[in-house]
Amino acid sequence: MRSESEPGSKPRGASASVRARFAPAAALASCVVLLAAGCAARKGVPPTGHNSFGQGTRYIQKAVRSSNEGVIILPSKRAENLFDLQRLNEIAQALRPPAAACFVNRAIETMKRGKRDGEETYVDVPEGQVKIRTRLSPDGEVLRTEVLDTGFKDPEIEPCIMEAIQGRKWIKNRSGVVQYLDVIYWVSLGDGAEDRSPQAQAELRRQQAVAAIRGKGCLERRVGAGTYPVEGLNLVDREGNTLVSRVEPNSLPQKVQDCLSVVLRDIQMPRAPNSFVRPVSPRVEYTVATDGTVSFADERWINLVLMEEKAAREDRLAEVDRGLGIAKPEEAPETTTPEPEGEPAAAGTASEPASEPSEPAQDPGQAGIKLKLGGHRRSEAPR
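Residues numbered from 1 in each chain as written. Predicted model: local features only at pLDDT ≥ 70, side-chain atom pairs only at ≥ 80, totals over all residues. Heavy atoms only, no water.

## Section: the state of the cysteines
Argument step 1. Taken as a whole and assessed by the stated rule, the structure comprises two disulfides.
Argument step 2. Note on cysteine connectivity: Cys-102 is disulfide-linked to Cys-160, with sulfurs 1.9 Å apart. Note on the Cys-102 and Cys-160 pair: the S-S dihedral is about -75 degrees, so by sign convention the disulfide is left-handed. In this pair, Cys-102 sits in helix α2 (residues 85-110) while Cys-160 sits in helix α3 (residues 157-166), placing the two residues 58 residues apart along the sequence.
Argument step 3. Judged by its relative accessible area of 3%, Cys-160 is buried. (Disulfide = S-S within 2.5 Å. Helix = DSSP H or I, 4+ residues; strand = E, 2+ residues; numbered from the N terminus. Buried < 20%, exposed > 50% of the residue type's maximum accessible area, 1.4 Å probe, protein only.)

## Remarks on the packing of α2 against α3
Argument step 1. Where α2 meets α3, the axes come as close as 9 Å, and the angle between the chain directions of the two elements is 155 degrees. Judged by the angle between their axes, α2 and α3 are roughly antiparallel. For the pair α2 and α3, the crossing hand works out as right-handed. Across the interface between the two elements, Leu-95, Pro-98, Ala-99, Cys-102, Phe-103 and Arg-106 from α2 touch Ile-157, Cys-160, Ile-161, Ala-164 and Ile-165 from α3.
Argument step 2. The class makeup of the residues in the contact of α2 with α3 is ten nonpolar, no polar and one charged. (Axes fitted to C-alpha atoms, helices over the stretch in contact; angles between N-to-C directions. Parallel < 35°, antiparallel > 145°, perpendicular 65-115°, else oblique. Left-handed = near helix turned anticlockwise from the far one by under 90°. Contact = heavy atoms within 4.5 Å. Nonpolar A, V, L, I, M, F, W, Y, C, P; charged D, E, K, R; others polar.)

## Regarding unusual backbone geometry
Argument step 1. Not every positive phi belongs to a glycine, and Asp-117 is a case in point at roughly 55 degrees.
Argument step 2. Positive phi, normally seen in glycine, also occurs at Asp-124, with a value near 60 degrees.
Argument step 3. Summarising the element assignment, Asp-124 is placed in the loop between β3 (119-123) and β4 (128-136).
Argument step 4. On the basis of relative accessible area, Asp-124 is assigned to the partly exposed category, the value being 42%.

## Describing the pairing of β4
Argument step 1. Bridge count between β4 and strand β6 (residues 179-187): nine bridges; the pairing is antiparallel. Following the sheet pairing, Ile-132 is matched in β6 by Val-183.
Argument step 2. Note that β4 and strand β5 (residues 142-150) share seven bridges and pair antiparallel. Across the sheet, residue Leu-136 finds its bridge partner in β5, namely Val-142.
Argument step 3. In this structure, the hairpin formed by β4 and β5 is closed by a connection of five residues, where Gly-140 is found at a positive phi of approximately 90 degrees. (Pairing = 2+ DSSP bridges.)

## Description of helix α5 (residues 254-264)
Every α-helical turn comprises 3.6 residues, leaving residues that sit three or four positions apart pointing alike.
Argument step 1. Here α5 has its buried residues at Val-256, Gln-257, Asp-258, Leu-260, Ser-261, Val-263 and Leu-264.
Argument step 2. Lining the buried residues of α5 we find α4 (198-219), β7 (226-236), β8 (242-247) and β10 (283-288).

## Observations concerning the packing of aromatic side chains
Argument step 1. This structure, assessed with the given rule, holds two aromatic pairs.
Argument step 2. Aromatic pair Phe-103 and Phe-276: ring centres 6.1 Å apart, planes at 35 degrees, arrangement tilted. Of the two residues, Phe-103 is situated in helix α2 and Phe-276 in the loop between α5 and β9 (278-280); the sequence distance between them amounts to 173 residues. Just as Phe-103 is buried, Phe-276 falls in that class too.
Argument step 3. Centroid distance Tyr-286 to Phe-296: 6.1 Å. Interplanar angle 70 degrees. Geometry classified as edge-to-face. Linking Tyr-286 in strand β10 with Phe-296 in strand β11 (residues 294-296), this pair joins segments that are ten residues apart in sequence. Phe-296 shares its class with Tyr-286; the two are buried.
Argument step 4. Note that Arg-205 overlies the ring of Trp-301, its terminal NZ or CZ placed 3.8 Å from the centroid. (Phe/Tyr/Trp six-rings, centres within 6.5 Å; stacked < 30°, edge-to-face > 60°. Lys NZ or Arg CZ within 6 Å of the ring centre and 35° of its normal.)

## What about the nonpolar core?
Argument step 1. Ranked by internal contacts, the top residues of the largest apolar core, which has 42 residues, are Phe-103, Trp-170 and Tyr-185.
Argument step 2. Where this core is concerned, the elements lending two or more residues are β1 (69-75), α2, β4, α3, β6, β7 and β8.
Argument step 3. Among the elements that make up this core, the one with the highest residue count is α2 (eleven residues).
Argument step 4. Not counting the four nearest positions on each side in its chain, Trp-170 is found in contact with Ile-73, Leu-88, Ile-91, Leu-95, Leu-136, Gly-140, Val-142, Ile-165, Leu-181 and Val-183.
Argument step 5. Core analysis: the second largest hydrophobic core is formed by 22 residues, Ala-211, Leu-252, Val-256 and Ile-267 among them. (Core = buried A, V, L, I, M, F, W, Y, C linked by side-chain atoms within 4.5 Å.)

The structure is reproduced here in structure tokens:
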């Protein structure tokens, strides 16, 4: 998905080069779980309505390990029979998109490439886990939220999550007194193995080259001659669509960087259904000549690739048309044999009008033919 609308919570200190804001959507989140009374502790055992503290802890740990993000709602022991569990599950589902927006909007500002344990990776990722106690009035209004336990090092995430909780409409309880629920949220990037494969790297090269063609317009008549390396950061969802993008600070003017950030947002990676948010770092090196012409390293290569793809696409369409009888194979044009020079055109053709046939020449040996044997007589003068 791709969106530029503002999320429910706006982190402070937004970078000027970030122009796309991720808006919450239910299609982004991966696995949501709800832990509540009434779940069976062991497989094949009917539900007893009660779970021990150890069972609940193990359930949470299993959920965190099996997914890169999620929401768990834990009613208090006194309130476990006062809430509609199905409705709590719907609220847990509804909390995931705004919580994911808190993470994505903050990650595009803080993340950068670095090294960890000698390997190149992304550092300053605002990932972690938080447990927030939410106190509700009998009519479902949020009275107060407080952080009981947190693993987030980034100070922006917890206030954003609490704002999402406070903005949610909760359900009424049947006790008539204030009750509390514990909301657990966790998020992480994952290992990103799906984007390190040779196929994914080849697709990234193609996508960034296609985007670089459009990006040439951002530099034309705006910068002087020289070489300008550009590196960006895109956060993409499981479908491969870019959620937010930015351009790393460089020597280009700010307006040019903003323009390139918009261009790089069109990059689309292959689908990875088991991922949550995937970072990719497109790189393009532009060269501006003295006459203002803009080019980049892979320009000739991508033009050839696009031409080959277009030719293959046209061949497939022509094959389909022939199979459906829409188009017929091309036939050789008819050729006319030229008439030899010096021969008169046949009578009655369209090019020449028909003429009356001339009298055939008579045989001099036939009788009755008057022949002129003498010369021409001179006219005699009158005597």
